[in-house]
Structures are given as structure tokens and as C-alpha cells.
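Below, each chain spelled out in residue letters.
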Amino acid sequence: MSKYVSKLSKVGISLFAVFCMMACHTGEIDHNYENMVYVNQNSLNLFFGDTEQLTASPTESTFEWTSEDPSVATVNNEGLVTATGVGNTQIIITQGEWTQTVDVTVSLPTSKEVLARAGNKRVLIEVTIDNEKVQKMNVVCNNNDSSIEEDVNYKSGVFKFYYDDLEENKKYDFTVTCIDRYGNQSKPINVSANVYGEAFQSTLSNRTVEVATRFGNGLVVKWKDKPGSCVLNYKDEEGKEVTKYITSGETNS
């Protein structure tokens, strides 16, 4: 029994000695400054004129803020970034030997989607905007240089433009441009549509409706046969006459 206790005592003394060696070690510790310093953004996507606040931690430290290209974006001593021009640049944050960069992309507000829908001697242009930076839109018919300009007033949504009294059997080209509050114009978006009229409608065949199902404010029409293309005329919820072109291969509308 005494031999067993003696062995346990020796083991305890050895463990205590190892603990003391670890506790008394005063060698240098390599600090990973990249993990110690934190910037709240890795990249910024801004529109012209936007501002964005960058912060670096620990906040009690002193950081130096610089822009690689001030013509695209500037930054002040507190990390406030201002978009000054279209393009790409980097914001550089330094503290001693530590450096970190934040990628910055500056663009002009534009439309998310533009659709041209052909009708009976008319074309409907639908412009979808998913930001609140556009002040006005300009739609130009390149065939006759006529234009429609509308104030969007920084709203998002779907905006509709109608061109009436057009010639049938003719392709019309349109250009859509968004304008911000500074007067900057986005890159034009081009769309086209082929207009039809009485001559085209006279060649169409009638189609039989198999079933029409109403849901909410909409209606789904299932066609019984596919003899050819046709035109569906109806009134929308506002009482306006609408003409929809149905292709021969369309089974549901």
C-alpha cells in the first residue's frame, strides 16, 4: 500500500512541475493582427452620390483611411466613404504594419428589366425599377425620334409607356434611359417589338376555350385546340380594352 501511495506522489510531483514550467514561461507571443482588427464591410456597392460609413475595431485605435482612386470614391479620417464617380476602387485601412482593403464599386441607377409588348398598332414598354435612386425615365422610339419622359421621383415598381397609332408589320426600336438626381444618365437599354394590325388579324383563326379558371384578379384560359395564332380581346379590372396576341403553340394563357 505504501509503495502505491509513493508512486502516486511521484506522479503528482511530476505533473506539478510541468504546470510550473508552463506557468513560468515568458517567451514572446506572436499576435495575429489580422484577426485582432475588424472592419465592418468587405466590399461596397454604391450609386453615384451615396455615402457609407466604415468602422474599424478596436475603436480606441487610430487608423489611417485612404482611397486608391478618389475620382471614384473618397474617404475621410473617420471612414466615411462618398461615391464620386462610376468605376471601381479600394479603400485602404492601415494601422502600423497592418493593412486591409475594402473593394468599392460605384454605378448609376438603372432599370432591372425592360420589356416591349407588341399590340394592335401599339407597343407597351414596361420598365421595372428595384431601387429608389431614379428621378426620371426617358423612353425614345428610334424610328421616329419621339420620346416620353416621366418623373419617377425615386420610387420603385413597374412603369408603363404606351406608343399608339403605329404602322403594322413594322419593327419598332426603343431606347430606355434612367436619370438620377444629379442629371447623370444610365447606359441606354434597347428593346424592339413587331407591331401588327388589321391585315395580320384577318389571317388568324378562332380558337376554342376548354376551360377558364379565375384566381384573385387573374384568369387562366386553357385552349381546346391549336389551329393557329389568334388575338384575345378583354377588359382589365379598370375597364380598359386589352388585346393579347396568342401564338399557335400556346396551350394556356
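Placed above this text is the structure.
Residues numbered from 1 in each chain as written. Predicted model: local features only at pLDDT ≥ 70, side-chain atom pairs only at ≥ 80, totals over all residues. Heavy atoms only, no water.

### Observations regarding the overall build of the chain
Here is the rule: Strands here are runs of E lasting at least two residues and helices are runs of H or I lasting at least four, both read from the DSSP assignment and numbered beginning at the N terminus. The contact criterion used is simple: two residues touch if any of their non-hydrogen atoms lie within 4.5 Å. Here, Shrake-Rupley sampling with a 1.4 Å probe gives the accessible areas, and only protein chains in the shown set may cover a residue.
Of the regular secondary structure elements, the chain holds three helices and 20 strands. Once local pairs closer than 6 in sequence are excluded, the contacts in the chain between residues at least 24 apart make up 50%. When the accessible surface of the chain is summed, it comes to about 16,600 Å², and 49% of that surface belongs to carbon and sulfur atoms.

### Some remarks on the packing of aromatic side chains
What counts here: Aromatic pairs are defined between Phe, Tyr and Trp rings, using the six-membered ring for Trp, whenever the two ring centres lie within 6.5 Å; interplanar angles under 30 degrees are classed as stacked, those over 60 as edge-to-face, and all others as tilted. Relative accessible area decides the class of each residue, using a 1.4 Å probe on protein chains only: under 20% of the type maximum gives buried, over 50% gives exposed, and in between gives partly exposed.
Scanning the entire structure with this criterion turns up four aromatic pairs. The interplanar angle of 80° and the centroid separation of 5.1 Å between the aromatic rings of Phe-48 and Tyr-182 together place this pair among those described as edge-to-face. Here Tyr-182 lies in the loop between β15 (170–180) and β16 (189–195) and Phe-48 lies in the loop between β2 (43–47) and β3 (51–53), a separation of 134 residues in the sequence. Looking at Tyr-182, the relative accessible area reads 42%, which means it is partly exposed. Ring centres of Tyr-163 and Phe-174 lie 5.1 Å apart, and the angle between their planes is 50°; on these two criteria the pair is classed as tilted. On the criterion of sequence distance, the pair formed by Tyr-163 in strand β14 (residues 157–163) and Phe-174 in strand β15 is long-range, its members being 11 residues apart. For the residue pair Tyr-163 and Phe-174, the accessibility class agrees, reading buried in each case.

### Some points on the pattern of salt bridges
For clarity, the threshold we go by: The term salt bridge refers to a pairing of a side-chain nitrogen on Lys or Arg with a carboxyl oxygen on Asp or Glu at a separation within 4 Å.
This structure, assessed with the given rule, holds seven salt bridges. Between Lys-222 and Glu-210 there is a salt bridge, with its nearest N and O atoms 3.9 Å apart. With Lys-222 in strand β18 (residues 218–223) and Glu-210 in strand β17 (residues 209–215), this pair connects stretches of sequence that are 12 residues apart. By relative accessible area, Lys-222 is classed as partly exposed at 36%. For Glu-210, a relative accessible area of 46% gives the class partly exposed. Between Glu-238 and Lys-240 there is a salt bridge, with the nearest N and O atoms lying 3.6 Å from each other. With relative accessibility at 59%, the residue Glu-238 sits in the exposed group.

### Things to note about the side chain of Asp-180
Stated precisely, the cut-off is as follows: N or O atoms closer than or at 3.5 Å make up a polar contact, with two conditions inside protein: a donor-capable atom paired with an acceptor-capable one, and, for residues adjacent in sequence, both atoms drawn from side chains.
Following the sequence through the fold, Asp-180 ends up in strand β15. Polar contacts involving the side chain of Asp-180 include one to the main-chain amide nitrogen of Tyr-182, which spans 3.0 Å. Apart from residues lying up to four places away in sequence, Asp-180 is in contact with Phe-48, Leu-108, Pro-109, Lys-133 and Gln-135.

### Remarks on the sheet that holds strand β11 (residues 123–129)
Hydrogen bonding along the main chain pairs the strands of a sheet, whether they run parallel or antiparallel. Put simply, the test is: Should DSSP find at least two bridges between two strands, the strands are regarded as paired. Where helices are involved, their axes are fitted lines through C-alpha atoms of the stretch in contact, as for all axes, and angles between N-to-C directions lie from 0 to 180°.
Spatial strand order, β10-β11-β14: three strands in an open sheet with antiparallel pairing. Strands at the two margins of the open sheet, each flanked by one partner only, are β10 (113–118) and β14. Averaged over all pairs of adjacent strands, the angle between strand axes in this sheet comes to 20°, irrespective of strand direction. Inspection of the sheet shows β10 paired to β11 by six bridges, in the antiparallel sense. By the bridge assignment, Ala-118 is partnered in β11 with Val-123.

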